[in-house]
Amino acid sequence: MHLSTTPQVRGQAVVRLTGQLEHNPRPLRTVKDVAYAWRQMIFFLSLSESEDPRTVLDRLREDVAAAPGPVSERLAPALAGLGYVPHGGRFDGDRTPGGGRRLLGWTTTRHWLLV
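Residues numbered from 1 in each chain as written. Predicted model: local features only at pLDDT ≥ 70, side-chain atom pairs only at ≥ 80, totals over all residues. Heavy atoms only, no water.

A. Spotlight on the packing of helix α2 (residues 27-47) against helix α4 (residues 71-84). With their axes 13 Å apart at the nearest point, α2 and α4 run at an angle of 20° to one another. Overall, the two elements α2 and α4 adopt an arrangement that is roughly parallel. As for the relative orientation of α2 and α4, their crossing is right-handed in sense. Contacts between α2 and α4 pair Trp38, Met41 and Ile42 from the former with Ala78, Leu79 and Leu82 from the latter. By residue class, the composition of the contact of α2 with α4 is 6 nonpolar, no polar and no charged. (Axes fitted to C-alpha atoms, helices over the stretch in contact; angles between N-to-C directions. Helix = DSSP H or I, 4+ residues; strand = E, 2+ residues; numbered from the N terminus. Parallel < 35°, antiparallel > 145°, perpendicular 65-115°, else oblique. Left-handed = near helix turned anticlockwise from the far one by under 90°. Contact = heavy atoms within 4.5 Å. Nonpolar A, V, L, I, M, F, W, Y, C, P; charged D, E, K, R; others polar.)

As structure tokens, this is what we get:
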């Protein structure tokens, strides 16, 4: 497996797992799995020297847009946050000025990914 393909593979896992949240009897466990795949995607994205991160993000946006059900709506804040960073943006706490959010696997209240 080439490192340049790994961020895309992890991104596809994020989309697939997010699709499993609907009617899930244990959604927090799946949220943690989504967040784990998200962190792996970011890690491998940071290692890739052969591919522009914006290209990977564009492909991820396409995968999310093509996903069935509420996947696109659920992942929109995380994609907005991740898309903000390559342009020099930073998070202010858990959010960006444009409404982007950090995708973490833990929460003390209802997780925003489950809305």
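B. Main features of the pattern of salt bridges. Within the structure shown, the criterion is met by 2 salt bridges. Across the pair Arg74 and Glu22 runs a salt bridge, and its minimum N-O distance is 2.8 Å. Residue Arg74 is found in helix α4, and its partner Glu22 is found in the loop between α1 (6-19) and α2; the two are separated by 52 residues along the sequence. Notably, a salt bridge pairs Asp58 with Arg61, separated by 3.1 Å at the nearest N-O pair. Note that Asp58 and Arg61 are positioned in helix α3 (residues 53-66) at a spacing of 3 residues, about one turn of the helix. Overall, the relative accessible area of 41% leaves Asp58 in the partly exposed class. Taking relative accessible area as the criterion, Arg61 reaches 35% and is therefore assigned partly exposed. (Salt bridge = Lys/Arg side-chain N within 4 Å of Asp/Glu carboxyl O. Buried < 20%, exposed > 50% of the residue type's maximum accessible area, 1.4 Å probe, protein only.)

Any functional reading would require information beyond the geometric quantities listed.
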